[in-house]
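Residue-level structural notes
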Amino acid sequence: MIRLATPADLPQAADIYEEILLQDERGPVYTNWQRGKYPTIDTARQALEAGTFYVGEEDGILWGVVNLNSIQLPEYDAIPWSIPAAPEEVGVIHTLCIRPSCAGRGLARQMVAFCEEEARRQGRKVIRLDTWEGNLPANRMYPTLGYRCAGQAEFFFMGFVRENLNCYEKAL
């Protein structure tokens, strides 16, 4: 089940972030995240307080989290998007995370499908997202789900890491 998060979900969300960071330390590296900077429990709390934080849960265990809102980072202005939309018509997927111990079960695809349906329900016409160029699983998955790579840009993410992110879009 995927649902809107509650404050009680925050510790498990932080556990998911930590599990991903530990996996990256062992390799292969699929994120460009930094422990203590991003993502953190505060990242989850901010999305929860904004009402845009969703969790995937099975038997009381969170298997995934996502922040679905309409916030497009300034670097999005450099991307040649092919699907025209006013800012309020755009849904943006941020920090979609699947607990590594739950990987390989199609849960990321399930979370993306949920985001698409929720964005439609909110009246959005397009979904946009970005992912680090080194995130091979995500960069393979999104095109299979009908997303088009609209371009790549260098992001100065949260003021502490420069990284090249691939930006994807899909009409809803």
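The following paragraphs examine the structure supplied in this document.

Calculation notes
- Residues numbered from 1 in each chain as written.
- Predicted model: local features only at pLDDT ≥ 70, side-chain atom pairs only at ≥ 80, totals over all residues.
- Heavy atoms only, no water.
- Core = buried A, V, L, I, M, F, W, Y, C linked by side-chain atoms within 4.5 Å.
- Buried < 20%, exposed > 50% of the residue type's maximum accessible area, 1.4 Å probe, protein only.
- Helix = DSSP H or I, 4+ residues; strand = E, 2+ residues; numbered from the N terminus.
- Contact = heavy atoms within 4.5 Å.
- Salt bridge = Lys/Arg side-chain N within 4 Å of Asp/Glu carboxyl O.
- Axes fitted to C-alpha atoms, helices over the stretch in contact; angles between N-to-C directions.
- Parallel < 35°, antiparallel > 145°, perpendicular 65-115°, else oblique.
- Left-handed = near helix turned anticlockwise from the far one by under 90°.
- Nonpolar A, V, L, I, M, F, W, Y, C, P; charged D, E, K, R; others polar.
- Phe/Tyr/Trp six-rings, centres within 6.5 Å; stacked < 30°, edge-to-face > 60°.

Here we take up the nonpolar core. With 22 residues, the main nonpolar core has Ile93, Leu96, Tyr142 and Tyr147 as its most contacted residues. The set of elements that each furnish at least two residues to this core consists of strand E3 (61-69), strand E4 (90-98), helix H3 (107-121), strand E5 (126-132) and helix H4 (136-144). Top element by residues in this core is H3. It accounts for five residues. Sequence-distant contacts of tyrosine 142, that is, excluding residues within four places in its chain, are made with Leu96, Val112, Leu129, Tyr147 and Tyr168. The next biggest cluster of nonpolar side chains, apart from the first, holds 14 residues, and it includes Ala13, Ile20, Ala47 and Val55.

Bringing the pattern of salt bridges into the picture now. In total, this model carries twelve salt bridges according to the counting rule given. Arginine 45 serves as the salt-bridge partner of aspartate 42, at 2.4 Å between the closest nitrogen and oxygen. With aspartate 42 and arginine 45 both in helix H2 (residues 41-50) and three residues apart, this pair spans about one turn of that helix. Given a relative accessible area of 30%, arginine 45 falls into the partly exposed group. A salt bridge links lysine 125 to glutamate 89, with the shortest nitrogen-to-oxygen separation between them at 3.0 Å. Taken together, the residues span a long stretch of sequence, with lysine 125 in the loop between H3 and E5 and glutamate 89 in the loop between E3 and E4 at a distance of 36 residues. Among the charged side chains, a salt-bridge network with shared partners connects Arg3, Asp9 and Glu57.

With that settled, the discussion passes to the packing of helix H1 (residues 10-26) against H2. Contact pair H1 / H2: the axes reach a minimum separation of 9 Å and the direction vectors enclose 135°. Classified by the angle between their axes, H1 and H2 sit oblique to one another. For H1 against H2, the interelement crossing comes out right-handed. Contacts from Leu10, Pro11, Ala13, Ala14 and Tyr17 of H1 reach H2 at Ile41, Ala44, Arg45 and Leu48. In terms of residue class, the contact of H1 with H2 is made up of eight nonpolar, no polar and one charged.

Throughout the structure, instances matching the rule amount to six aromatic pairs. Between tyrosine 76 and phenylalanine 155, the aromatic rings sit 6.1 Å apart at their centres with planes inclined by 85°, giving edge-to-face as the arrangement. A residue pair is termed long-range when its members are at least 10 positions apart, and tyrosine 76 in the loop between E3 and E4 and phenylalanine 155 in strand E6 (residues 148-157) qualify at 79 residues. Here tyrosine 76 falls in the buried class, since its relative accessible area comes to 2%. Using a relative accessible area of 1% as the deciding quantity, one classes phenylalanine 155 as buried. Clustering of aromatic rings is evident, with ring pairs tying together Tyr76, Trp81 and Phe155.

Attention now goes to the packing of H3 against H4. It is at 11 Å that the axes of H3 and H4 come closest, and there the two elements cross at 50°. Looking at the two axes, H3 sits oblique to H4. Handedness of the crossing formed by H3 with H4: right-handed. Listed contacts from H4 to Ala108, Arg109 and Val112 of H3 are Met141, Tyr142 and Thr144. Among the residues forming the contact of H3 with H4, the class breakdown is four nonpolar, one polar and one charged.

So, about unusual backbone geometry. In this structure, the amide linkage connecting glycine 27 to the following residue, proline 28, adopts the cis form with an omega of -5°. With respect to the helices and strands, proline 28 occurs in the loop between H1 and H2. Each neighbour pair has its own omega, and for tyrosine 38 with proline 39 the value is -10°, a cis peptide bond. Looking at where proline 39 falls in the secondary structure, it is placed in the loop between H1 and H2.

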